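Summary of the model geometry
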Amino acid sequence: MIEPVYSFGLLALELCPGQHLPAAQLTVAQSERLGSLLAEDLRPWIGPLTAIDISLAGAAFDPVEILRPGWPVHAEIARLTHLAPKSADARLLCFGAAEDRMPEGLQPDPVHAQGPLRWLPFVLSGPAEQIHAVQDSMEAELMERGMAGAATALCAQEAFAADIEHARYMTLHDGVAMMAMQYGHSGLEPVWPLIETALFAPQQAAWLDAPPEPLVYVNSGTAHIALLDEHAWVKLQSGLEGKNGEQLETLFQMFQMRQRQIAALLEAHGLSVEFDFCADAESARDTLQR
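Quick summary incoming for the structure in this document. (Residues numbered from 1 in each chain as written. Predicted model: local features only at pLDDT ≥ 70, side-chain atom pairs only at ≥ 80, totals over all residues. Heavy atoms only, no water.)

A look at the overall build of the protein
Operational definition: Secondary structure follows DSSP: runs of H or I at least 4 residues long count as helices, runs of E at least 2 residues long count as strands, and numbering of each begins at the N terminus. Under the scheme applied here, a residue whose accessible area is under 20% of the maximum for its type counts as buried, over 50% as exposed, and between as partly exposed, the area being computed with a 1.4 Å probe on protein chains only. Throughout, a residue-residue contact means that at least one pair of heavy atoms, one from each residue, lies within 4.5 Å. Computed with a 1.4 Å probe, the accessible areas rest on the Shrake-Rupley method; for each residue, only the protein chains presented here act as cover.
On a plain count of helices and strands, the protein comes out with 11 helices and nine strands. Once the C-alpha set of the protein is aligned to its principal axes, its extents read approximately 70 × 45 × 35 Å. A total of 290 residues make up the protein; the buried ones form 48% of that total. A separation threshold of at least 6 residues defines the contact pool for the protein, and within that pool the share at least 24 residues apart is 76%. With the model as given, the accessible surface of the protein reaches about 14,100 Å², and the carbon-plus-sulfur share is 54%.

A short note on the nonpolar core
For the record, the criterion: Only buried residues count toward a nonpolar core, which is a set of Ala, Val, Leu, Ile, Met, Phe, Trp, Tyr and Cys residues joined through side-chain atoms within 4.5 Å.
Leu67, Trp119, Val216 and Leu266 are the most contacted members of the largest nonpolar core, which has 46 residues in total. Not counting the four nearest positions on each side in its chain, Leu266 is found in contact with Val191, Leu194, Ile195, Val216, Ala223, Leu271 and Val273. Formed by 32 residues, the second largest nonpolar core is a distinct cluster that contains Leu38, Ile54, Ala60 and Phe160.

Describing the packing of aromatic side chains
Applicable threshold: Aromatic pairs are defined between Phe, Tyr and Trp rings, using the six-membered ring for Trp, whenever the two ring centres lie within 6.5 Å; interplanar angles under 30 degrees are classed as stacked, those over 60 as edge-to-face, and all others as tilted.
All chains considered together, the criterion is met by seven aromatic pairs. Here Trp233 and Phe252 contribute two aromatic rings whose centre-to-centre distance is 5.3 Å and whose plane-to-plane angle is 45 degrees, an arrangement assigned as tilted. On the criterion of sequence distance, the pair formed by Trp233 in helix H9 (residues 230-236) and Phe252 in helix H10 (residues 245-268) is long-range, its members being 19 residues apart. Taking relative accessible area as the criterion, Trp233 reaches 3% and is therefore assigned buried. An aromatic cluster is defined as three or more aromatic residues linked by ring pairs; in this entry it consists of Trp233, Phe252 and Phe255.

Some points on the packing of helix H1 (residues 28-41) against helix H6 (residues 150-160)
The geometry of a pair of packed helices is captured by two quantities: the angle between their axes and the separation between those axes. As a reminder, the rule being used: Lines fitted to C-alpha atoms define the axes here, with helix axes fitted over just the stretch in contact, and angles between the N-to-C directions of these axes take values from 0 to 180 degrees. Angle categories: roughly parallel below 35 degrees, roughly antiparallel above 145, roughly perpendicular from 65 to 115, and oblique for all the rest. Crossing chirality is assigned from the near helix's rotation relative to the far helix, an anticlockwise turn below a right angle marking it left-handed and a clockwise turn marking it right-handed. Gly is placed with the polar residues, together with every amino acid not listed as nonpolar (Ala, Val, Leu, Ile, Met, Phe, Trp, Tyr, Cys and Pro) or charged (Asp, Glu, Lys and Arg).
H6 packs onto H1 with a crossing angle of 160 degrees between their chain directions and a minimal axis gap of 9 Å. In terms of orientation, H1 lies roughly antiparallel with respect to H6. Regarding H1 and H6, the two cross each other, and that crossing is left-handed. Judged by residue contacts, Gln30, Arg33, Leu34, Leu37, Leu38 and Asp41 of H1 engage Ala151, Thr152, Cys155, Ala156 and Ala159 from H6. Considered class by class, the residues forming the contact of H1 with H6 number seven nonpolar, two polar and two charged.

A closer look at the sheet that holds strand S2 (residues 53-57)
Just so we agree on the cut-off: Two strands qualify as a pair provided that DSSP identifies no fewer than 2 bridges between them.
The mixed open sheet is built from five strands, whose spatial order is S3-S2-S4-S1-S5. Looking at strand neighbours, the two that pair on one side only are strand S3 (92-95) and strand S5 (164-171), the edges of this open sheet. For this sheet, the mean inter-axis angle between neighbouring strands, taken without regard to orientation, is 20 degrees. Where strand S1 (residues 5-15) lies against S5, seven bridges are found, and the strand directions are antiparallel. Looking across to S5, one finds that Leu15 is bridged to Ile164. Most of the contacts of helix H4 (residues 72-83) go to strand S4 (residues 117-126), to which it runs at about 40 degrees, and overall it touches S1, S2, S3 and S4. Sitting on the sheet, helix H5 (residues 128-145) is in contact with S1, S4 and S5, with an inclination near 140 degrees to S5.

Things to note about the side chain of His224
The following threshold applies: The term polar contact refers here to a pair of N or O atoms within 3.5 Å; inside protein, the definition further demands a hydrogen-donor-capable atom paired with an acceptor-capable atom, and it admits residues adjacent in sequence only when both atoms are side-chain atoms.
Tracing the backbone shows His224 in strand S8 (residues 222-227). Taking relative accessible area as the criterion, His224 reaches 13% and is therefore assigned buried. A distance of 2.9 Å separates a polar atom in the side chain of His224 from a polar atom in the side chain of Asp276. Ignoring any residue separated from it by four or fewer positions in sequence, one finds His224 in contact with Leu215, Val216, Tyr217, Glu274, Asp276 and Leu288.

Quick word on the sheet that holds strand S7 (residues 216-219)
Here four strands make up an open sheet; going across it, the order is S6-S7-S8-S9 and the pairing mixed. Lying at the two open borders of the sheet, with one neighbouring strand each, are strand S6 (206-208) and strand S9 (272-277). Within this sheet the neighbouring strands show an average axis-to-axis angle of 20 degrees, counted without direction. As paired elements, S8 and S9 share six bridges and run parallel to each other. Note that in S9 the partner of Thr222 across the bridge is Ser272.

A look at the layout of surface pockets
We apply this condition: Cavity: a set of points on a 1 Å grid over the protein atoms alone where a 1.4 Å probe fits but cannot get out. Pocket: an open set with protein on both sides within 12 Å along at least five of seven lines, its lining residues, like those of a cavity, having an atom within 4 Å of a point. Grid points are joined across faces, edges and corners, and a volume is the space filled by probe spheres set on the points.
Size it by volume and the second largest pocket reaches roughly 190 Å³. Taken together, Pro212, Glu213, Trp233, Gln237, Ser238, Gly239, Leu240, Leu251, Met254, Phe255 and Arg258 make up the lining of the second largest pocket. With four residues, the single largest contributor to the lining of the second largest pocket is H10. Grouping the amino acids of the lining of the second largest pocket by side-chain chemistry returns six nonpolar, three polar and two charged.

Here you go:
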């Protein structure tokens, strides 16, 4: 039996200002209704190919829950698709909540429930030659032509009981590019290469080594952040000449806040975070790599 190939996609919902979702998951019936509309919206790219399955999780995730090493939410959808009864015809599999709980691995974390951008993940699966052709077409066109149909957007708005400003389809790579741009606009551009490496090359190491940013080393899914006292921190910085003690203390506190911000962001993206005490600036890099 030929093993199917999987392609990961997203239905991105941008909520109207001030809105949030009362509940992040849909019932099975709601998920099936939305899934049928999604399938119709994707027809221009899938075309008449009858061997491609579409699997949708009827749950709205924060992007940080999707963009984690191993793509765990999409991987779980793919796993459930593989376990579902086979059919000679293309399948539409829609996973929804029973008793307010999604299947294990598909439950959004309430910690991230307040964000204005929500992603509903879906998976296309089928023979390699068909999936690759569809994926190439979607990578080339979805960002320009991927607005969800009016019926789909209305269905999502009613199902989630929140006003939606935009609903559009994206490939997973489109989603990565969008978040890279948003992080750049939010002053987090130096941190993005750490996340990107963890997503696409988890076996590789990456550094954030650009003062005044904290010193961070990512390897094998763990981020090691240099924990410095004020004396060691001063040695890693430049442009502090002429600062008095009170000014240095204020800047050091800002540096520590930045460390905590970066740690929280990396943890949200599924990395483990360890603060490694570094006795001096000169050996900090060696300490993080031990």
